[in-house]
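# Coordinates in review
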Amino acid sequence: MEKELDKHLEETMTTHGVLGTMCADQHGMCLGAKGSVSGDSAGMVTRLSELAGQLESSSEEDPIICIESDASTLMIKKHDDITMAIHKAKVPT
């Protein structure tokens, strides 16, 4: 599974505008990180996803969290027991 996850992270990094990516398990342990997203942030990213899910606990789907700055966006999404974060550069308009 580790090789599959690493391959998935590498593929994500090849997407236009992606600066970094990270996956964490349900306990906040980093399973893999590439680019600008540090594995040290795995616990915080997992916790943000849990808290966002509590905002609308009646929903069957986990929310997508977007944290925006002037230069980039961090997107966080939980799926089953895995939380993924993708850091993307903003496209100039």
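Residues numbered from 1 in each chain as written. Predicted model: local features only at pLDDT ≥ 70, side-chain atom pairs only at ≥ 80, totals over all residues. Heavy atoms only, no water.

This next bit is on the overall build of the protein. A count of helices and strands for the protein gives 2 helices and 5 strands. Counting helices and strands in the order they occur from the N terminus, the protein gives α-β-β-α-β-β-β. Taken over C-alpha atoms, the radius of gyration comes to 13 Å for the protein, in line with the 12 Å a tight globule of 93 residues would show. Based on the C-alpha atoms only, the size of the protein along its principal axes is roughly 35 × 35 × 20 Å. Residue burial in the protein is summarised as follows: out of 93 residues, 29% are buried. Looking at the protein alone, contacts between residues at least 24 apart form 34% of all its contacts between residues at least 6 apart. Each charge class in the protein can be summarised by its mean position, and for the 8 positive and 16 negative side chains these summaries are 4 Å apart. (Helix = DSSP H or I, 4+ residues; strand = E, 2+ residues; numbered from the N terminus. Rg over C-alpha atoms; globule rule 2.2 N^0.38 Å. Buried < 20%, exposed > 50% of the residue type's maximum accessible area, 1.4 Å probe, protein only. Contact = heavy atoms within 4.5 Å. Lys, Arg positive; Asp, Glu negative; His and termini not counted. Charge placed at Lys NZ, Arg CZ, Asp CG, Glu CD.)

Our next topic: the pattern of salt bridges. Inspection of the entire model under this criterion finds 4 salt bridges. With its nearest N and O atoms 2.8 Å apart, the salt bridge here joins aspartate 6 to lysine 34. In this pair, aspartate 6 is assigned in helix H1 (residues 2-13) and lysine 34 in strand S2 (residues 30-35), connecting sequence segments 28 residues apart. Close ionic contact of arginine 47 with glutamate 50 constitutes a salt bridge, the shortest N to O distance being 3.1 Å. Highlighted residues: arginine 47 and glutamate 50, both in helix H2 (residues 42-55), separated by 3 residues, approximately one helical turn. (Salt bridge = Lys/Arg side-chain N within 4 Å of Asp/Glu carboxyl O.)

What follows concerns the environment of aspartate 70. Within the secondary structure, aspartate 70 is located in the loop between strand S3 (64-68) and strand S4 (72-79). Sequence-wise, aspartate 70 and alanine 89 are 19 residues apart; in three dimensions their C-alpha atoms are separated by 9.3 Å.

Here we come to the sheet that holds strand S1 (residues 18-24). Strand order in the open sheet formed by 5 strands is S2-S1-S5-S4-S3, with antiparallel pairing between adjacent strands. Each edge of the sheet is formed by a strand with only one pairing partner; in this case those strands are S2 and S3. Strand-to-strand twist across the sheet, computed as the mean angle between neighbouring axes with direction ignored, equals 10°. Relative to strand S5 (residues 82-89), S1 runs antiparallel, the two sharing 6 bridges. Bridge pairing links glycine 20 to histidine 87 in S5. The strands that H1 touches are S1, S2 and S5; relative to S1, the one it contacts most, it runs at about 155°. (Pairing = 2+ DSSP bridges. Axes fitted to C-alpha atoms, helices over the stretch in contact; angles between N-to-C directions.)

Moving on to the environment of alanine 33. Position of alanine 33 relative to the elements: it lies in strand S2. Taking the relative accessible area as the measure of exposure, alanine 33 reaches 31% and is therefore partly exposed. Counting along the chain gives 35 residues from alanine 33 to glutamate 68, while the straight-line C-alpha distance between them is 20 Å. Apart from the residues within four sequence positions on either side, alanine 33 is in contact with Leu9, Thr21, Met22, Ser38 and Gly39.

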